[in-house]
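Here's the letter readout for the chains.
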Amino acid sequence: MQKSIYDFIKICAEELVVSEPIYEFGSLQVMGKPEENLRPLFPRKVYVGADMRAGPGVDIELNLHAIELPDNTAGSIICADTLEHVEYPRKAVKEMFRVLKPGGVLIMTSLFKFPIHDYPNDFWRFTPEGFKSLMEDFVGVEVFSYGRLEHSPQCVVTVGYKGVGGSTTTFNARCGKWSDWNTSVLRELHRRMQEAERVVGEGERVKEDGSASGKRLSTMSESRMDWIDDMSVRCDDVKLSLVQGLKVFPSTEDEIVLFKDPKFVDHYLNTLEGFRADNVIEVGVWDGGSAIFFWNLLKPDRLSCVELKKSVPPLEAYISRREVTDSFRLHTSTDQSDKQSLGKIVVDDFGGNPLDLIIDDASHLYGPSKATFEALFPHLRPGGLFILEDWKAGLIFPKLSKDGEDLGPPLHRLVHEILQLSLLEHRVVASIKCVHNFVVIERGHQALNPEEFKVPEHPEMV
Ligand SMILES: C[S@@+](CC[C@H](N)C(=O)[O-])C[C@H]1O[C@@H](n2cnc3c(N)ncnc32)[C@H](O)[C@@H]1O
């Protein structure tokens, strides 16, 4: 279930009279994720989960085409993102009307702009007008939708009452805000994606040395990227699923975790808007979601990824399916502290050419991160960016490892040291900017010897 739908049902729970017993039709928690469970929104109320299939979240097996319940049984009914899977939706809505008690509310939602999926069949998409028509027997019907385009909403939601009832002005106002907010998020994210596509698609961009970047165009034409909803983005044949906090789920070849929340991604889109990045290194890839995201967003000539794990199967599968093993490289079993290996990657993968962008989302530990910074920052072109993610990690994570080993100073100490360096040597560090959870360090124009480059310590920092 999309977060926006959960938020809508939360508004219903807080603003409407939702009488007992509450029946939820289509209650099977198909993904097995906690946010699919709507029960916590209705504490202490009698709640019956009903579905045509048994499983998590289901108390009783009932088919919406012929609900085996007497008339006037349910105090209220929820039917969330289910009707598109019901072969005869008008029959189903009439059945829900029948079993609802007089004065009871039906809360119903469905997706409009969403890829065809199963659970177990996907039959329909409903417009706001379609929902109004299906709700013909109800009174006080309200329909809301949101989406980046008015004529192509993401989701459509409705409430309606049996015989008597109506929604309050506060409910309508909150739903209006819900719709505006979700619309603006989607519209903005989409605009930035389009902009990134346009910048690249305008034609061959000329590199600083005057040579054209030919590989870029073939890469560009192969890739597609679009937001599915506010928590997932499609990159070619893969769905990247964003995470809130540290709640991660296992990736598959088709659905890969992008270990960032929407705000984080939003800040990345802002930071990298119009930024030219042909040669990119990412350190710390988890399952590869972020690497695929950068690959599609930036369309680099070469992206090399460094990862401590022995293998990253979802990313390896993505790279080999595309036959881009030459330009999209993965170096597993490689520790970010290993300066020698990092230097070798610059030589082997980039022929020693300057890098445009380096992203460090690996250990979030002071020592290893500093080693990566010292090894790679000298290889950036003037104006190139080194992005250090999750720099507040030292404030959140324990100071000792599971084995009791001291993990050293916090990562923000490195940020203070780089800040000090920029103060003393602005031709080395041209600027440093803290954005949300990451720090963007811009390379100055002074030549640096990677063998000797050191960030001076700042011993007083804790
Ligand atoms: C936060 S996850 C990366 C998330 C990923 N960038 C994303 O946004 O989806 C950190 C990754 O860094 C790797 N890592 C941790 N310590 C490392 C080290 N010393 N060298 C290289 N990689 C390391 C971990 O194995 C893990 O895959």
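Note that this is a predicted model, so its numbers are computed, not measured.

Engineer: Looking at this model, I keep getting lost on the overall build of the protein. Mind explaining?
Structural biologist: The secondary structure content of the protein amounts to twelve helices and 18 strands. Principal axes of the C-alpha set define a box for the protein whose edges measure 80 × 50 × 40 Å. Burial status across the protein gives 38% buried among its 462 residues. If you take every contact in the protein between residues at least 6 apart in sequence, the share linking residues at least 24 apart comes to 68%.

Engineer: Honestly, the UniProt feature "domain: Methyltransferase type" (unreviewed entry) in the protein in this entry has me stumped. Any pointers?
Structural biologist: Following the UniProt record, the feature "domain: Methyltransferase type" (unreviewed entry) maps to residues 61-108 here. When the span residues 61-108 is considered, its composition is 23% helix and 35% strand, and the gap between its end C-alpha atoms is 19 Å.

Engineer: Whenever I open this one, the domain arrangement of the protein confuses me. Can you help?
Structural biologist: Where interface size is given, it is often the accessible area lost as the parts come together that is meant. For the protein, the domain assignment lists domain 1 (3-182) and domain 2 (213-443). On a C-alpha basis, the centroid separation for the pair domain 1 and domain 2 is 40 Å. Taken together, the six residues of domain 1 in the interface contact four residues of domain 2.

Engineer: Got a minute to help me understand the site of the ligand in this structure?
Structural biologist: Contacts to the ligand come from 21 residues, most closely from Phe259, Gly284, Trp286, Ser290 and Gln336. Elements that contribute at least two residues to the shell around the ligand include exactly β11 (255-258) and α7 (289-298). Residues of the shell around the ligand, tallied by class, amount to ten nonpolar, six polar and five charged.

Engineer: Can you walk me through unusual backbone geometry in this structure?
Structural biologist: When glycine is set aside, most residues are seen to have a negative phi, and most peptide bonds are trans. Going from Glu20 to Pro21, the amide bond is cis rather than trans, its omega being -10 degrees. With respect to the secondary-structure elements, Pro21 resides in the loop between α1 (3-15) and β1 (22-25). The phi dihedral of Ser333 is positive, around 50 degrees, even though this residue is not glycine. Structurally, the position occupied by Ser333 is in the loop between β14 (328-331) and α9 (339-350). A residue is classified by how many C-beta atoms lie within 10 Å of it, and Ser333, with 12 of them, is exposed.

Engineer: Is there a simple way to think about the nonpolar core in this case?
Structural biologist: The tendency in soluble globular proteins is for nonpolar side chains to be buried side by side. Leu240, Ala291, Ile292, Phe294, Ile358 and Phe386 are the most contacted members of the largest nonpolar core, which has 63 residues in total. Ignoring anything within four residues of it in the chain, the contact list for Ala291 reads Glu282, Val285, Leu303, Cys305 and Leu315. Residues Leu64, Leu83, Leu111 and Tyr146 belong to the second largest nonpolar core, which totals 44 residues.

Engineer: What am I meant to see in the sheet that holds strand β16 (residues 380-389) here?
Structural biologist: The strands that make up a sheet are held in pairs by hydrogen bonds between backbone atoms, and each pair lies either parallel or antiparallel. Taken in spatial order, the seven strands make up an open sheet running β14-β13-β12-β15-β16-β18-β17, and their pairing is mixed. The sheet is open, and its two borders are formed by β14 and β17 (429-435), each paired with just one other strand. Averaged over all neighbouring strand pairs, the angle between strand axes comes to 15 degrees, with direction disregarded. Pairing of strand β12 (residues 279-283) with strand β13 (residues 302-306), which is carried by five bridges, proceeds in the parallel orientation. Counted as the bridge partner of Ile281 is Ser304 from β13. Taken strand by strand, α7 contacts β12, β13 and β14, and its axis lies near 165 degrees from that of β12.

Engineer: Explanation requested: the environment of Phe112 in the structure shown.
Structural biologist: Within the secondary structure layout, Phe112 lies in the loop between β5 (100-111) and α3 (128-134). Through-space distance from the C-alpha of Phe112 to that of Ile60 is 28 Å; in sequence the pair is 52 residues apart. The contacts of Phe112, once residues within four sequence positions are left out, are Arg125, Phe126, Thr127, Gly147, Pro153, Gln154, Cys155 and Val156.

Engineer: Which parts of the structure should I look at to understand the sheet that holds strand β8 (residues 225-229)?
Structural biologist: In space, the four strands of this open sheet follow the order β8-β9-β10-β11, with mixed pairing throughout. Of all strands in the sheet, those bounded by a partner on one side alone are β8 and β11. Between one strand axis and the next, the sheet turns through 30 degrees on average, direction left out of account.

Engineer: Honestly, the pairing of β13 in this entry has me stumped. Any pointers?
Structural biologist: If a strand is regular, its side chains alternate between the two faces of the sheet. Most of β13 sits inside the fold, with five of its five residues counted as buried. Both faces of β13 are covered, namely the face carrying Arg302, Ser304 and Val306 and the face carrying Leu303 and Cys305. On the question of chirality, the crossover connecting β12 to the parallel β13 by way of α7 is right-handed. Taken together, the four bridges between β13 and β14 define a ladder with parallel strand orientation. By the bridge assignment for β14, Leu303 is matched with Phe328.

Engineer: Whenever I open this one, the packing of α9 against helix α10 (residues 366-376) confuses me. Can you help?
Structural biologist: To describe two helices that pack against each other, one gives the angle between their axes and the distance between the axes. Put simply, α9 and α10 touch, their axes get as near as 9 Å, and they point 35 degrees apart. Crossing hand, α9 versus α10: right-handed. Across from Lys339, Leu342 and Gly343 in α9, the residues of α10 making contact are Ala371, Thr372, Glu374, Ala375 and Leu376.

Engineer: Whenever I open this one, α1 confuses me. Can you help?
Structural biologist: Residues separated by three or four positions in an α-helix point in the same direction, a consequence of the helix having 3.6 residues per turn. Under the 1.5 Å per step criterion, the end-to-end length of α1 is 18 Å for 13 residues, consistent within 8% with the ideal 18 Å. Taken as a whole, α1 has its buried residues at Ser4, Ile5, Phe8, Ile9, Ile11 and Cys12. For α1, the angular spread of buried residues about the axis comes to 150 degrees, placing them on one side.

Engineer: What exactly am I supposed to notice about the packing of α10 against helix α12 (residues 411-424) here?
Structural biologist: Two elements in contact, α10 and α12, have axes separated by 8 Å at closest approach and are oriented at 35 degrees. Every pair of crossing elements has a handedness; the one defined by α10 and α12 is right-handed. Judged by residue contacts, Tyr366, Ser369, Lys370 and Phe373 of α10 engage Leu411, Arg413 and Leu414 from α12. When its residues are assigned to classes, the contact of α10 with α12 shows four nonpolar, one polar and two charged.

Engineer: I tried to follow the environment of Gly394 on my own but got confused; where do I start?
Structural biologist: Looking at the secondary structure, you find Gly394 in helix α11 (residues 393-396). Sequence separation of Gly394 and Pro410 is 16 residues, and the distance between their C-alpha atoms is 4.2 Å.

Engineer: Would you mind showing me how to read helix α6 (residues 262-272) here?
Structural biologist: The complete set of buried residues in α6 reads Phe264, Val265 and Tyr268. End-on, the buried residues of α6 take up no more than an arc of 95 degrees, which puts them together on one face. Residues of α6 that are buried in the fold lie against β10 (238-242). Within two residues after α6, Gly274 carries a phi angle of roughly 75 degrees, on the positive side.

About the cut-offs
- Every chain's residues receive numbers from 1 upward, in the order its sequence appears when written.
- Per-residue local features of the predicted model are confined to residues with pLDDT of at least 70, and side-chain atom pairs are confined, for both listing and counting, to 80 or more; whole-chain, interface and lining totals are unaffected and use all residues.
- To qualify as a helix, a DSSP run of H or I must reach at least 4 residues; to qualify as a strand, a run of E must reach at least 2; elements of each kind are numbered from the N terminus.
- Exposed residues have 12 or fewer other C-beta atoms within 10 Å of their own C-beta, buried residues have 20 or more, and partly exposed residues fall in between, where C-beta atoms are placed from the backbone.
- What counts as a contact here is a pair of residues whose C-beta atoms, placed from the backbone, lie within 7 Å.
- UniProt positions are given in the numbering used here, feature names are shortened, and annotations may be inferred rather than shown by experiment.
- Note that the domain bounds reflect an automated or database-derived domain assignment.
- Each residue receives a C-beta atom built from its backbone; the residue is near a molecule or strand if that atom lies within 6 Å of it.
- Note on residue classes: Ala, Val, Leu, Ile, Met, Phe, Trp, Tyr, Cys and Pro are nonpolar, Asp, Glu, Lys and Arg are charged, and everything else, Gly too, is polar.
- Each nonpolar core comprises buried Ala, Val, Leu, Ile, Met, Phe, Trp, Tyr and Cys residues, the members being joined through C-beta atoms within 7 Å.
- Note: two strands are recorded as paired if DSSP finds a minimum of 2 bridges between them.
- Angles run from 0 to 180 degrees between N-to-C directions of axes, and those axes are lines fitted to C-alpha atoms, restricted for helices to the stretch in contact.
- Viewed with both strands pointing away, a crossover whose connecting path from the first strand over the helix to the second turns clockwise is right-handed.
- Note: crossing handedness is left-handed where the near helix turns anticlockwise from the far helix by less than a right angle, and right-handed where it turns clockwise.
- How far a helix is expected to stretch is found by multiplying one less than its residue total by 1.5 Å.
- Taken from the helix axis, the directions to the C-beta atoms give the arc we talk about.

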